[in-house]
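# Results of the structural survey
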Amino acid sequence: MADDSGAGRKLSLGDISDLREYERVRKESVARIIELKKNRRPHVGPFVSLLFDNRDTILHQIHEMARAERILTDEGLQTQLEVYNPLIPEPGTLSATLLIELTDEWELREWLPRLVGIETHVVIGSAGDVVRCVVEESHGEQLTREDVTAAVHFVRFEFTAEQVGRWGSGPVVLSIDHPEYRHETTLTDEMVAELGRDLRED
């Protein structure tokens, strides 16, 4: 379910602080985002997590990218907006960054080939009322490979109005049903409430 009502969530150049201004508030901003992500990043199994993004997490990401890469021009910032704005969920959708959290070189060589296609195997919802993810098109072509998966994928979940209305009426389970990685986790009440704000109208 998607319509123009989510357009107000998207970011514009006016939302981006210049680097000096951001540097003055960065410590507080990082602390706030860390706290926010506690209820937006469930882990599924031993080494996969999903960070459910919203306007605040994406704004923080753009600020951090601009800081790291010293992006000073409107043109450079506009490029970042074009990359990241699609990851801000509209009402009726959830948007997530899927992260395969492997650091050991042997584990990377072992698991990344085995997990090809994992970005299409994520499901969320209650029993009998589940939504399977779709790959974010603007990033999918760059990250999809036939012989080895990327460690990061961008996915979204599209809900009907009826499913949004039923959100949180029972336990919400996030699961991965990839043949090589079958795990699930039940979201906490705090996570369910946090994601419910993404799904509903502003």
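Since the model is a prediction, treat every value here as computed from it, not as a measurement.

### Describing the sheet that holds strand 7 (residues 152–158)
Taken together, five strands build an open sheet; the order of strands is 1-2-3-7-6 and the sheet is antiparallel. The open sheet terminates on both sides in strands that have one partner only, identified here as strand 1 (43–44) and strand 6 (134–135). Pairing geometry for strand 2 (residues 48–53) and strand 3 (residues 93–100), over six bridges, is antiparallel. By the bridge assignment, Asp-53 is partnered in strand 3 with Ser-95.

### Points about the environment of Leu-187
The topology assignment puts Leu-187 in the loop between strand 9 (181–186) and helix 7 (189–199). The exposure class of Leu-187 is buried, given its relative accessible area of 5%. Put simply, Leu-187 and Arg-40 are 147 residues apart on the chain and 9.7 Å apart in space, counted from C-alpha to C-alpha. Among all residues touching Leu-187, those that are not within four sequence positions of it are Pro-42, Ile-124, Val-172, Leu-174, Val-192 and Leu-195.

### As for the pattern of salt bridges
Oppositely charged side chains may form a pair once their charged atoms are brought near each other. The full count for this structure, using the stated rule, is 16 salt bridges. The partner of Arg-197 in a salt bridge is Glu-194, with the nearest N and O atoms 2.8 Å apart. Taken as a pair, Arg-197 and Glu-194 lie in helix 7 at a separation of three residues, close to a single helical turn. Overall, Arg-197 belongs to the exposed group, its relative accessible area being 53%.

### With respect to the nonpolar core
By size, the foremost hydrophobic cluster in this structure holds 32 residues, and its most contacted members are Leu-50, Ile-124 and Phe-157. Contacts of Phe-157, omitting those with residues within four sequence positions, involve Leu-50, Phe-52, Gly-92, Thr-93, Leu-94, Ala-96, Val-122, Val-123, Ile-124, Val-131, Arg-132 and Cys-133. In terms of nonpolar packing, the next biggest core, distinct from the first, is built from 14 residues, Ile-16, Leu-77, Tyr-84 and Ile-88 among them.

### Things to note about the packing of aromatic side chains
Counted according to the given criterion, the structure contains four aromatic pairs. Measuring from centroid to centroid gives 5.0 Å for Phe-47 and Tyr-181, while their planes differ by 50 degrees, and the two rings are tilted. Linking Phe-47 in the loop between strand 1 and strand 2 with Tyr-181 in strand 9, this pair joins segments that are 134 residues apart in sequence. With a centroid separation of 5.8 Å and an interplanar angle of 90 degrees, the aromatic rings of Phe-159 and Trp-167 are classed as edge-to-face. When sorted by exposure, Phe-159 lands in the same class as Trp-167, which is buried. Members of the aromatic cluster, each reached through a chain of ring pairs, are Phe-47, Trp-111 and Tyr-181. Here the basic side chain of Arg-114 rests over the ring of Trp-111, its NZ or CZ set 4.0 Å away from the ring centre.

Reading guide: rules and limits
Residues numbered from 1 in each chain as written. Predicted model: local features only at pLDDT ≥ 70, side-chain atom pairs only at ≥ 80, totals over all residues. Heavy atoms only, no water. Pairing = 2+ DSSP bridges. Helix = DSSP H or I, 4+ residues; strand = E, 2+ residues; numbered from the N terminus. Buried < 20%, exposed > 50% of the residue type's maximum accessible area, 1.4 Å probe, protein only. Contact = heavy atoms within 4.5 Å. Salt bridge = Lys/Arg side-chain N within 4 Å of Asp/Glu carboxyl O. Core = buried A, V, L, I, M, F, W, Y, C linked by side-chain atoms within 4.5 Å. Phe/Tyr/Trp six-rings, centres within 6.5 Å; stacked < 30°, edge-to-face > 60°. Lys NZ or Arg CZ within 6 Å of the ring centre and 35° of its normal.

Spatial relationships are all this shows, so hold off on functional conclusions.
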